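Residue-level structure breakdown
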Number of protein chains: 2
Amino acid sequence: MEITASAPGKAILFGEHAVVYGKPAIAVAVDRKAYVTLKKREDKRVHVKINDLNLSGFLDLEKSEVKVENLNKKPEKKGILNYILSAVLKVQKGALQGMDIEIDLEIPIGAGLGSSAAITVATIAAVSKFNRMELSKDEIAEHAHNVELEVQGAASHIDTTLSTYGGMIYLSKNAEDIKPIKISGNLPLVVGYTEERGNTGELVESVKLKKETYPEAVNPILNAIESVTDDAVDALLEKDEKRIGELMNINHGLLDALGVNTGDLSRMAYTARRAGALGSKITGAGGGGSIIAYCPGKVEEVIKSIKKMDKAFNAALSVDGVKVKVKK
Amino acid sequence: MEITASAPGKAILFGEHAVVYGKPAIAVAVDRKAYVTLKKREDKRVHVKINDLNLSGFLDLEKSEVKVENLNKKPEKKGILNYILSAVLKVQKGALQGMDIEIDLEIPIGAGLGSSAAITVATIAAVSKFNRMELSKDEIAEHAHNVELEVQGAASHIDTTLSTYGGMIYLSKNAEDIKPIKISGNLPLVVGYTEERGNTGELVESVKLKKETYPEAVNPILNAIESVTDDAVDALLEKDEKRIGELMNINHGLLDALGVNTGDLSRMAYTARRAGALGSKITGAGGGGSIIAYCPGKVEEVIKSIKKMDKAFNAALSVDGVKVKVKK
């Protein structure tokens, strides 16, 4: 028996960083996924292999330890194995049955695209199925959020919600609730990314310091981001393409003013606009990572232009969330 | 007899665009100058030649007309001749004496660096001297401002004030007055520019439209620029280098949010920061033109880095304003 679970990554469309100060945000599941495939092993061990990362190891569930077999060139990426260990432990039930867990990624890791949430959600879905548990999506999302809390210390519900349910969401002021934003059709989004990586914790800290040092400048910036985000909900529902793009561009500049832009991100954002994107902005914490561009009728042109210097892919909205397939 | 007048260009350090809505601004005279050299002609005609632009022609003072002799590759630059005509007419007195006016520029034209004010101020100073008028600096500045009003339809006092008096100025809220900001020592500034040119009128109009369309986003942005500008006065007086740089970076992002940044300007701004500038930002209307970078101890490095793709020069504060030299 082979079980494969998949879960989409995400991109923040509006409101990153401001969300830390109780401002609203809009995020979208993108149809680039993490795939987790499980096969039974003859022994009682749990082996994990992440294809493309040249990273594998054994999970010791009793000691709650990861034993990495090999170290790829980016050892910081081995942190992803902690999410998998924690996820497996969440849905381990009864006598341990050995498993081979193989992971395939369509999302770059550490680029602000929710790769860890996608892997976590798909792992929980696959392992719970393997262990003959029937979890609801709500239960999967709850477990996944707890995994992120355990591994990261802090986590918003945005990533795990989107990897579980798909679609687009509005996180309201002070994170009081998460509402779906339901649009007809799709969003012509392109993600561009480089190898440059920001450290989310350090970036959040740098914005906090900026807010403390220049409150009279930074507080209006956060208010402007709030206004842009709330405006964008209407623009998205009304499919007002020009407005969606302009609001993204304003949000990009405000993120630049908060100090989380870089030369690489800026290059990709402006390359996208020159190639016909109606809007483009940093997505996620910045300091490296990714930009997202809104490209009605220009998806291929924008991808081609960004690819001259960086990497890019079409990031259509994923209506689907986590899915499980069983092959007998 | 040969008369040479020189006047410095300027760069806006803080507050461009917001100044249109009554916010304060800080600007600085930069020691890149326009030189206007006058010689007597045997006939009664007034000939003007702008070296480096391959642009020359006769001024018909009676008909108030410019007769261009040649058209360089950038015919839009011939507009500069209207400033010269208007300036000559302001200080024409008595019977017309023919003149050859030769202009040398250390400032790129149309790049937001006050080239037209510098040329206007130097022309007024040189021609008034030639006509044996003794104008005070206040009179030169007043004439120059009137020239800008005539030629452009609208003008702030910033450019003509700096080209006349030199130094650094703070234009207070609602342009109520202009105060000098007196600092000891110099400012290690670098200007970077490309051939890309923005149209100031169109850019001002685009910001106005943005303000009307997204008031809840744009008004806080203008307030943030005001706060940054007022903070910067203290930072400059205290020579708080880190703060000056950080405030410039915030101002840059806010200008990006207003939609006046471009891929080229952004590249230069981030190139400067990577090369060690403590801060960098668009200077002037944007949409092309120039960036200014604050580079204590890193002037040469920043110039070298920008020059890999674009043009750059050291733009030290010019304490001097307009100057006239007479060679018998």
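Residues numbered from 1 in each chain as written. Chains lettered and ligands numbered in written order. Predicted model: local features only at pLDDT ≥ 70, side-chain atom pairs only at ≥ 80, totals over all residues. Heavy atoms only, no water.

Residues and elements named next belong to chain A. Taken together, the side chains of Lys40, Lys44, Arg132 and Lys328 make up a positively charged region of the molecular surface. With respect to the helices and strands, the residue Arg132 is situated in the loop between α2 (115-130) and α3 (137-152). Using a relative accessible area of 69% as the deciding quantity, one classes Arg132 as exposed. (Patch = residues over 30% accessible without salt bridge, like charges linked within 9 Å, V, L, I, M, F, W, Y side chains within 5 Å. Areas by Shrake-Rupley, 256 points an atom, 1.4 Å probe, with all protein chains shown as cover. Salt bridge = Lys/Arg side-chain N within 4 Å of Asp/Glu carboxyl O. Lys, Arg positive; Asp, Glu negative; His and termini not counted. Charge placed at Lys NZ, Arg CZ, Asp CG, Glu CD. Helix = DSSP H or I, 4+ residues; strand = E, 2+ residues; numbered from the N terminus. Buried < 20%, exposed > 50% of the residue type's maximum accessible area, 1.4 Å probe, protein only.)

We now examine the environment of Lys327(A). All names here are of chain A. Along the chain, Lys327 falls in strand β13 (residues 323-327). You can call Lys327 exposed: its relative accessible area is 53%. When sequence neighbours within four positions are dropped, the list of residues in contact with Lys327 reads Met1 and Glu2. (Contact = heavy atoms within 4.5 Å.)

A few words now on the pairing of strand β2 (residues 25-40) of chain B. Residue and element names in this part refer to chain B. When strand β1 (residues 2-14) meets β2, the two strands line up antiparallel, connected through 12 bridges. Note on β2: the bridge partner recorded for Ala5 is Val36. Here β2 pairs with strand β7 (residues 168-171) via four bridges, running antiparallel. Counted as the bridge partner of Ala25 is Leu171 from β7. Bridge analysis of β2 against strand β6 (residues 99-105) gives seven bridges, and the strand direction is antiparallel. Considered in β6, the bridge of Ala34 is made with Leu105. (Pairing = 2+ DSSP bridges.)

This brings us to the packing of α3(A) against helix α4 (residues 158-165) of chain A. Angle between the axes and distance between the axes: these two values describe a pair of packed helices. Residues and elements named next belong to chain A. Direction vectors running N to C along α3 and α4 enclose 145°, while the axes themselves pass 9 Å from each other. Crossing handedness for the pair α3 and α4: right-handed. Where α3 abuts α4, its residues Lys137, Asp138, Ile140, Ala141, Ala144, His145 and Glu148 lie against Asp159, Thr160, Thr164 and Tyr165. Broken down by class, the residue content of the contact of α3 with α4 amounts to four nonpolar, three polar and four charged. (Axes fitted to C-alpha atoms, helices over the stretch in contact; angles between N-to-C directions. Left-handed = near helix turned anticlockwise from the far one by under 90°. Nonpolar A, V, L, I, M, F, W, Y, C, P; charged D, E, K, R; others polar.)

On to the sheet that holds strand β12 (residues 311-314) of chain A, then. Residue and element names in this part refer to chain A. As summarised here, the arrangement of the four strands in space is β10-β11-β9-β12, forming an open sheet in which the pairing is antiparallel. Both edges of this open sheet fall to β10 (279-283) and β12, since each of them pairs with a single strand only. Averaged over all neighbouring strand pairs, the angle between strand axes comes to 25°, with direction disregarded. As paired strands, strand β9 (residues 189-193) and β12 are joined by four bridges and run antiparallel to one another. Bridge pairing in β12 links Gly192 to Ala312. Strands β9, β10 and β11 (290-294) of the sheet are contacted by helix α8 (residues 263-274), whose axis makes an angle of about 15° with β11.

So, on to the confidence of the model for chain A. For any part of a model where pLDDT is low, the fine detail of the predicted coordinates should not be relied upon. Of the residues in chain A, 98% reach a pLDDT of 70 or more, and the chain-wide mean stands at 94. The ipTM value of the predicted complex is 0.92, and its pTM value is 0.94. (pLDDT = per-residue confidence, 0-100.)

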